[in-house]
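The primary structure of each chain is shown beneath.
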Amino acid sequence: MTSHRAFPLPPGARAYPLPTARGEFAVVDSVPKPGAEGKGVVLMLPGFTGSKEDFGLLHEPLAERGYRVVAVDGRGQHESAGPLDDETAYAQRELAQDVLAQAEALGGAVHLVGHSLGGQIARAAVLLDHSPFLSFTLVSSGPAEISVSQQQRVKLLRDALTMLSMTEVWEAIQAMGPPEEVGGPARGLGDQDQLRRRWLGHSPAQLLATGRQLCTEPDRVAELAAVPLPFHVLSGEHDDTWPVAILDDMARRLDAHRTVVTGAEHSPNADQPLPTAHALADFWDGLGRNPGPAVPGTA
């Protein structure tokens, strides 16, 4: 991890490299607030071009609800090391095994949360071995490949990465339009210098490999539905990456708790962090009272 952080830490959180059987991964870790009843550990995986900082605004409200939150940079993301030119290191199965190692390092029995690409990597981990997890929440992460319009944007990004340096690609992203619409980070996370520093921390091989995965991911919902875990599908009320109707259908197929966060789009964790945090905590709190799927709701 870098000695000078690009983003400030959430109140009460600390950043450190988490040692695992598959290497070290950069994390931001916050514990329950003093006086709050400790209720469990949450492992959060970010999306494409994202990082652990995407969950920064969730730490404090979840800590107040009694949850320890550990947000992680996956292999080759931001502050976690990874090969720069070896895409095989970022095969989905490899990334899924990283997640299992992270959960093991945290002692297991964790609530798993994956945003967008992170949801698909998390799904692959659950399908390999669900035993370390108490529940699985997919945040704005759909059943299969991303929408055609987003596939076109990811292809533009992947084409640029094969010809240009990471610095040159960043400059091209800025020229093309709002970053969140052309493969860049979600709105509201930080200023341009912070976002640029994060972008330059990514491995181009990671972006190439995971971008391809987003465009070719098969529908594995039936496999996931056979796993004996409580599921939660959470999204904003608008989403261009996976239309909300597709997420609704996936939730029905999983017999999952469903939350639609009013006023949010593809990144409810950044767009509407407080209702998103409360929806997550309400779901986990409810598992203690009723282990079965909860009633769908809107936050």
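Details of the structure are given in the entry above.
Rules used in this analysis
- Residues numbered from 1 in each chain as written.
- Predicted model: local features only at pLDDT ≥ 70, side-chain atom pairs only at ≥ 80, totals over all residues.
- Heavy atoms only, no water.
- Helix = DSSP H or I, 4+ residues; strand = E, 2+ residues; numbered from the N terminus.
- Buried < 20%, exposed > 50% of the residue type's maximum accessible area, 1.4 Å probe, protein only.
- Contact = heavy atoms within 4.5 Å.
- Arc of directions from axis to C-beta.
- Salt bridge = Lys/Arg side-chain N within 4 Å of Asp/Glu carboxyl O.
- Phe/Tyr/Trp six-rings, centres within 6.5 Å; stacked < 30°, edge-to-face > 60°.
- Pairing = 2+ DSSP bridges.
- Right-handed = clockwise from strand over helix to strand, strands pointing away.
- Expected span 1.5 Å × (residues − 1).

## Thoughts on the overall build of the chain
Here is step 1 of the chain: Helices and strands together make up the secondary structure of the chain, namely 11 helices and 9 strands.
Here is step 2 of the chain: Scored against the burial criterion, the 299 residues of the chain give a buried share of 56%.
Here is step 3 of the chain: Restricting the contact set of the chain to residue pairs at least 6 apart, pairs at least 24 apart contribute 76%.

## Some points on helix α6 (residues 192–201)
Here is step 1 of the chain: All of the buried residues along α6 are Gln194, Leu195, Arg198 and Trp199. An end-on view of α6 places all buried positions within 135° of arc, on one side of the element.

## Notes on the pattern of salt bridges
Here is step 1 of the chain: Tallied over the entire structure, the rule returns 20 salt bridges.
Here is step 2 of the chain: Between Glu53 and Lys52 there is a salt bridge whose closest N-O contact spans 3.1 Å.
Here is step 3 of the chain: Exposure remark for Lys52: the relative accessible area of 1% places this residue in the buried category.
Here is step 4 of the chain: A salt bridge links Arg212 to Glu87; the shortest N-O distance between them is 2.8 Å. With a gap of 125 residues between them, Arg212 in helix α7 (residues 204–216) and Glu87 in the loop between β4 (67–72) and α2 (92–105) connect regions that are remote in the sequence.
Here is step 5 of the chain: For Arg212, a relative accessible area of 37% gives the class partly exposed.
Here is step 6 of the chain: Through salt bridges with shared partners, a single ionic network connects Arg22, Arg75, Glu94 and Asp98.

## Topic: the packing of aromatic side chains
Here is step 1 of the chain: Applying the stated criterion across every chain yields a total of 3 aromatic pairs.
Here is step 2 of the chain: Taking 6.3 Å as the distance between ring centres and 35° as the angle between the ring planes, the aromatic pair formed by Trp170 and Trp199 counts as tilted. On the criterion of sequence distance, the pair formed by Trp170 in helix α5 (residues 166–176) and Trp199 in helix α6 is long-range, its members being 29 residues apart.
Here is step 3 of the chain: Overall, the relative accessible area of 5% leaves Trp170 in the buried class.
Here is step 4 of the chain: Looking at Trp199, the relative accessible area reads 3%, which means it is buried.

## A look at the pairing of strand β1 (residues 14–20)
Here is step 1 of the chain: For β1 and strand β2 (residues 23–30), the ladder comprises 7 bridges, and the chain directions are antiparallel. In the strand pairing of β2, Pro17 is matched with Ala26.
Here is step 2 of the chain: In this structure, the hairpin formed by β1 and β2 is closed by a connection of 2 residues.

## Remarks on the pairing of strand β6 (residues 133–139)
Here is step 1 of the chain: The element β6 is extensively covered by neighbouring structure, given that 6 of its 7 residues are classed as buried.
Here is step 2 of the chain: Pairing between strand β5 (residues 110–115) and β6: 6 bridges, direction parallel. Bridged to His115 within β6 is Val139.
Here is step 3 of the chain: Traced from β5 through helix α3 (residues 117–128) to β6, the parallel crossover comes out right-handed.
Here is step 4 of the chain: Where β6 lies against strand β7 (residues 231–236), 4 bridges are found, and the strand directions are parallel. If you follow Phe136 over to β7, its bridge partner there is Phe231.

## What about the environment of Gln120?
Here is step 1 of the chain: Along the polypeptide, Gln120 turns up in helix α3.
Here is step 2 of the chain: Assessed through its relative accessible area of 2%, Gln120 is described here as buried.
Here is step 3 of the chain: If sequence neighbours within four positions are ignored, Gln120 has contacts with Gln92, Ser141, Gly142, Ala144, Gln213, Leu214, Glu217 and Trp242.

## Remarks on α2
Here is step 1 of the chain: Taking 1.5 Å per residue, 14 residues should reach 20 Å; α2 reaches 20 Å between its end C-alpha atoms and fits that length.
Here is step 2 of the chain: Within α2, burial applies to Gln92, Leu95, Ala96, Asp98, Val99, Leu100, Ala101, Gln102 and Ala103.
Here is step 3 of the chain: Among the residues trailing α2, Gly107 stands out with phi positive, at a value near 95°.

In short, the description is geometric, and any link to function would need to be established separately.
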